[in-house]
Amino acid sequence: MRRSLVALGMALGVATMLSSCFLPTARPQASEPPAEPGISREAAGELLNAVPGLRLSSVGSHISGLSYEVVVEVYVDDEASILAEGVLDYVLRVGWATEVSNEPNQISLTVRYNGTTLDLQDEGNAIAGVDQPAASGLYSVHLNPAEYLGDWPGAVPTPPAV
């Protein structure tokens, strides 16, 4: 009987040892999924309002038929604020980097100064390398499609040196 117990103990030991060779090893844990690209609407407003001469900035979205667009609105202290080197491009890129509920295919910017909407379509066209007609006073710049901005949401741009 004693011999049977020793044999049984050895058999269990060998079985345990052999089975450990076939047990799955600890697998690396999946890393946290990457953060969603883009920035919040609040963060976009803060970035835009930090540019000298820009204030009351906001980024939202609008659906028109089958088109979905990012809508940026900015008030300026004077026209020179938005026309300073790199500012208009920065404003458009911050808008494009903003997370909205659906992927947009166009972007609209309204710049207001002293109760009027500035017409900046020619400047926007020059930056984007396109020839878009003005949007009849509704917007300062309307780009459709917004190809020069790349994939949406875009990378958060570096603020202009103003």
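Summary of the structure given here. (Residues numbered from 1 in each chain as written. Predicted model: local features only at pLDDT ≥ 70, side-chain atom pairs only at ≥ 80, totals over all residues. Heavy atoms only, no water.)

1. A short note on helix α4 (residues 87–96)
In terms of burial, α4 is largely enclosed, as eight of its 10 residues are buried. Burial in α4 covers these residues: Val-87, Leu-88, Tyr-90, Val-91, Leu-92, Val-94, Gly-95 and Trp-96. (Buried < 20%, exposed > 50% of the residue type's maximum accessible area, 1.4 Å probe, protein only. Helix = DSSP H or I, 4+ residues; strand = E, 2+ residues; numbered from the N terminus.)

2. What to know about helix α2 (residues 41–49)
Buried within α2 are the following residues: Ala-44, Gly-45 and Leu-48. Take α2 and look down its axis: the buried residues cluster within an arc of 100°, on one side only. Away from the buried face of α2 by more than 90 degrees, exposed residues Glu-42 and Glu-46 are located. Contact partners of the buried residues in α2: β1 (54–64), β2 (67–76) and α4. (Arc of directions from axis to C-beta. Contact = heavy atoms within 4.5 Å.)

3. Here's the deal with unusual backbone geometry
In this structure, the amide linkage connecting Trp-152 to the following residue, Pro-153, adopts the cis form with an omega of -10°. On the secondary structure map, Pro-153 appears in the segment after β5 (141–143). The phi angle at Leu-56 is positive, at roughly 50°, despite the residue not being glycine. Its location among the elements puts Leu-56 in strand β1. Although it is not a glycine, Asn-114 adopts a positive phi angle of roughly 50°. Looking at the element boundaries, Asn-114 is found in the loop between β3 (106–113) and β4 (116–117).

By themselves, these observations are geometric and do not establish any function.
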